[in-house]
Every structure is written in structure tokens, then in C-alpha cells.
Amino acid sequence: MTMTERDPLTGVTVDRLTPALGAEVRGLRLAEADEAMAAQIGALLVEHRVLFFPDQHLDLDQHVALGRFFGPLEQHPHLTNAYLNHPEVFELAASKGGIADEWHTDLTFLAQPSVMSILNMVRCADAGGDTMWTSLEAAYDELSPALQELCEGLSALHDATAHGRPEAWAIHPVVRVHPVTGRKALYVNDHFTRRLVELTHAESELLLGYLTRWVTDPRFVVRYRWTPGTIAMWDNRCTQHCVVNDFGGERIIQRVTIMGDEVEGPGPRWSPHTARRGAVTYHDRQLKAALRERSRPAAGQG
Ligand SMILES: [Fe+2]
């Protein structure tokens with residue numbers, strides 16, 4: 001594998017950024033995207049998990065049109081930017097507190113978290129404000145076989161407490177299997193994952209803390225330095241991301257997200273574990289409530 005690949009017919013170049021994930025793509029004009037280009041990009045995304053396209057400068061219509069090639073778009077469940085007149089475009093401005101500086105996979109508190117996000121870097125920080133992505137597949141692969149096997153038998157409760165909405169929740173397998181590649185990914189994140197369902201609260205705190213730190217090991221991470229007008233796309237099924245909150249001044253991004261699918265993975269090997277008596281039952285209230293809601297036949301789920 002060379003780090004740079006150039007297609008002699010189209011002139012498109014693909015620069016691999018790290019062994020774990022990430023590539024910078026030049027020679028495609030995303031404003032003129034068509035089905036063939038979308039298929040080409042989709043294949044690159046499966047291979048690299050996060051792609052960067054510098055110097056694109058898409059307007060809102062072009063951004064939305066690009067997203068639609070990859071599936072139906074969703075509106076953010078808790079945040080709106082009505083002034084954009086595009087409900088599918090979600091804007092984060094640093095001056096309004098929009099700095100996603102905690103590691104996360106987008107919207108994992110939903111039963112079907114988005115499969116892919118497309119970000120337009122509208123205004124960069126003067127210096128700093130890089131974004132990091134991590135490969136959850138590399139993170140899974142590098143666990144010991146013993147811990148891999150334990151994780152495959154677990155599920156996790158995710159919620160939107162980070163958005164002030166703890167009642168929005170979902171339970172997903174801790175090991176997610178990618179529907180295209182069949183590869184396994186460690187599917188827990190610091191921002192939304194609250195509890196490993198089959199462990200005690202104390203065990204969950206320890207293991208979840210370990211796993212959410214583990215996925216941020218620099219070997220699994222690409223850190224990208226932005227220029228204005230760059231488009232980034234990532235596969236939300238096997239990555240996490242985090243902004244480096246080291247900058248002052250303004251930084252504005254706009255994002256569209258492609259609607260999600262069911263999170264596939266090995267089913268839990270044990271029953272949910274909650275304490276029956278004692279002060280520690282306090283810690284299990286949320287999990288018990290979620291399990292009660294899940295067991296109701298017509299229950300809605302976050
Ligand atoms: Fe995000």
C-alpha cells in the first residue's frame with residue numbers, strides 16, 4: 001500500500017493519513033456530484049472510514065444535495081437552526097457553545113443512530129480547533145482475546161443526558177458488526193454511553209471508563225487540521241470524533257446526517273444485572289426504568 005494513490009484516468013488522488021483511518025481526497029468537485037461519484041466516494045469511505053475533501057466551498061443546497069446521494073437525511077432530534085431554512089442542516093458555532101469536545105459517535109441514544117455524517121467547515125478557528133477521529137475497529141482488534149470475548153457478550157445503555165434529555169435512550173451491543181464489511185467495532189463512547197447492562201454499576205464504571213479511554217489511544221486516531229471549505233464525511237458506525245477545544249474566537253461547522261439503521265452485533269450473553277437491595281440500588285434506577293420500558297410491547301424508545 002502506498003500512502004498516495006492517483007487514478008490516471010480521473011486524476012483523483014487519495015492520501016491515506018494514518019494506518020488506522022482517514023484519507024484526504026483531491027480531484028473531485030462535490031458540487032457536481034452524481035450517482036457514479038457517490039458510489040466512488042462510498043467505496044472510499046468503506047476503506048478509510050473518514051474522508052476529507054479540501055477546497056469544496058459548498059453552499060447549503062449543494063451540501064444537502066450531496067447528502068441525499070447517501071440516503072434520507074435526518075433532522076437533529078434536539079437542536080434546530082431555523083435561520084438556515086434547511087431543517088436537514090445542523091450548525092454548530094463555537095460562539096454559541098457549539099464545540100463537541102467530548103469523544104462520541106453521533107446520536108447513539110437513538111435506536112437507529114445515523115450511519116454517516118457530512119460536515120462542511122464554514123469558518124475555521126484562527127489556530128487550533130482540529131478534529132480527531134478514532135477507528136473503533138482498530139480499538140476492538142487490539143483488545144486481548146479475553147476482553148474481546150467479554151465485550152461481545154455485553155450491551156450498553158446510551159442516553160441524551162449530554163443534551164439535557166436523559167429520557168431519550170437506547171440499548172446497543174457493545175461490539176457492533178459493520179453491515180458492509182462484517183468487521184467488529186467497540187461501540188461505546190464517553191458522551192452518550194451510561195452503563196454496561198449485564199454488569200453491576202461498579203463494574204460498569206470501571207470497564208466502561210477503561211473502554212472509553214482505550215478507544216482514544218493515539219494509534220487508532222487521526223487528527224485533522226482544517227482549512228475553510230473542506231468537506232469531511234465519516235462512517236458513524238465504526239468511528240468516534242472529538243474537537244480539540246484549544247482555540248478562541250469563532251469556528252462554524254454545518255453538518256447533514258444520513259438516517260440510521262439497526263445496530264447489529266452479537267446478542268448479550270447474560271441477563272441485565274441490577275442490585276436488589278441496599279443503597280447501591282440508587283445507581284440502577286435509570287437502567288431499571290429503561291428495561292421496564294423496553295419490556296412493554298408498544299414502548300417508544302429514544
Ligand atoms: Fe459529532
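It should be emphasised that the depicted structure is a prediction, and the values quoted were computed from it without experimental measurement.

## Details of the overall build of the protein
Of regular secondary structure, the protein possesses 6 helices and 17 strands. Over its C-alpha trace the protein gives a radius of gyration of 20 Å, about what one expects of a compact globule, namely 19 Å for 302 residues. C-alpha atoms of the protein, sized along the principal axes, occupy 65 × 45 × 40 Å. The buried share of the protein, taken over its 302 residues, is 38%.

## Some points on the sheet that holds strand β14 (residues 221-224)
One open sheet holds the 3 strands; their spatial order is β14-β8-β16, and the pairing between them is antiparallel. Looking at strand neighbours, the two that pair on one side only are β14 and β16 (239-243), the edges of this open sheet. Here the strands of the sheet are splayed against their neighbours by 20° on average, with no regard to which way each runs. Bridge count between strand β8 (residues 131-135) and β16: 5 bridges; the pairing is antiparallel. Its bridge partner lying in β16, Ser135 is registered against Thr239.

## Side note on the environment of Ala202
Structurally, Ala202 is set in helix α5 (residues 201-214). Taking the C-alpha atoms as reference, Ala202 lies 46 Å from Ala38; in sequence the two are 164 residues apart.

## Structural notes on the sheet that holds strand β9 (residues 155-160)
By definition, the strands of a sheet pair up through backbone hydrogen bonds, in either a parallel or an antiparallel sense. An order of β10-β9-β13 is seen for the 3 strands of this open sheet, with the pairing classed as antiparallel. Either end of the sheet is taken by a strand with one partner, and the two such strands are β10 (165-173) and β13 (193-196). On average, adjacent strands in this sheet sit at an angle of 25° to one another, irrespective of strand direction. When β9 meets β10, the two strands line up antiparallel, connected through 6 bridges. By the bridge assignment, Ser155 is partnered in β10 with Pro173. Against the sheet, helix α6 (residues 285-295) engages β9, β10 and β13, with an angle of about 70° to β10.

## Points about unusual backbone geometry
One non-glycine residue with positive phi stands out, namely Arg49, at about 75°. Residue position: Arg49 is located in the loop between α1 (35-48) and β4 (50-53). Residue classification places Arg49 among the buried positions, given that 28 C-beta atoms sit within 10 Å.

## Re the nonpolar core
Side chains of a nonpolar character, in soluble globular proteins, are inclined to be buried together. Counting residues in hydrophobic clusters, the biggest one holds 67 residues, and the most contacted among them are Leu51 and Leu186. Two domains each provide a minimum of three residues to this core, namely domain 1 (11-125 + 225-235 + 246-258) and domain 2 (135-215 + 270-293). Sequence-distant contacts of Leu51, defined by excluding residues within four places in its chain, comprise Ala23, Val25, Ile41, Leu44, Leu45, Ala232 and Met233.

## What about the domain arrangement of the protein?
We note that the domain assignment places domain 1 (11-125 + 225-235 + 246-258) and domain 2 (135-215 + 270-293) within the protein. Its C-alpha centre places domain 1 at a distance of 27 Å from the equivalent point of domain 2. Facing the 13 residues of domain 1 at the interface are 19 residues of domain 2.

## Quick notes on helix α2 (residues 60-68)
Of all the residues in α2, the buried ones are His63, Leu66 and Gly67. Along the long axis of α2, the arc covered by the buried residues comes to 100°, so they all point the same way. The elements touched by buried residues of α2 are β5 (73-74), β7 (116-123) and β17 (252-258).

## Some details on the environment of Gly129
Turning to its location among the elements, Gly129 is positioned in the loop between β7 and β8. Between the C-alpha atom of Gly129 and that of Val243, which follows or precedes it by 114 residues, the distance is 6.4 Å.

## A closer look at α5
Here α5 contains 14 residues, and its C-alpha end-to-end distance of 19 Å stays within 8% of the 20 Å for a straight helix at 1.5 Å per residue. Where α5 is concerned, the buried positions are Ser204, Leu208 and Leu211. Across the axial projection of α5, the buried residues extend over an arc of 65°, all falling on one side. Residues of α5 that are exposed and point more than 90 degrees away from the buried face comprise Ala202, Leu206, Gly209, Tyr210 and Arg213. In this structure, the buried side of α5 is in contact with β12 (184-186) and β13.

## Here's the deal with the pairing of strand β15 (residues 231-235)
With 5 of 5 residues buried, β15 lies mostly within the body of the structure. Going residue by residue along β15, you find Ile231, Met233 and Asp235 tucked away on one face and Ala232 and Trp234 tucked away on the opposite face as well. Across 4 bridges, the pairing between β4 and β15 is antiparallel. By the bridge assignment for β15, Phe53 is matched with Ile231. With 5 bridges joining them, β7 and β15 adopt antiparallel strand pairing. Opposite Leu119, over in β15, you have Ala232 as the bridge partner.

Criteria and thresholds
Residues numbered from 1 in each chain as written. Predicted model: local features only at pLDDT ≥ 70, side-chain atom pairs only at ≥ 80, totals over all residues. Helix = DSSP H or I, 4+ residues; strand = E, 2+ residues; numbered from the N terminus. Rg over C-alpha atoms; globule rule 2.2 N^0.38 Å. Buried ≥ 20, exposed ≤ 12 C-beta atoms within 10 Å, placed from the backbone. Pairing = 2+ DSSP bridges. Axes fitted to C-alpha atoms, helices over the stretch in contact; angles between N-to-C directions. Contact = placed C-beta atoms within 7 Å. Core = buried A, V, L, I, M, F, W, Y, C linked by C-beta atoms within 7 Å. Domains from an automatic or database assignment. Arc of directions from axis to C-beta. Expected span 1.5 Å × (residues − 1).

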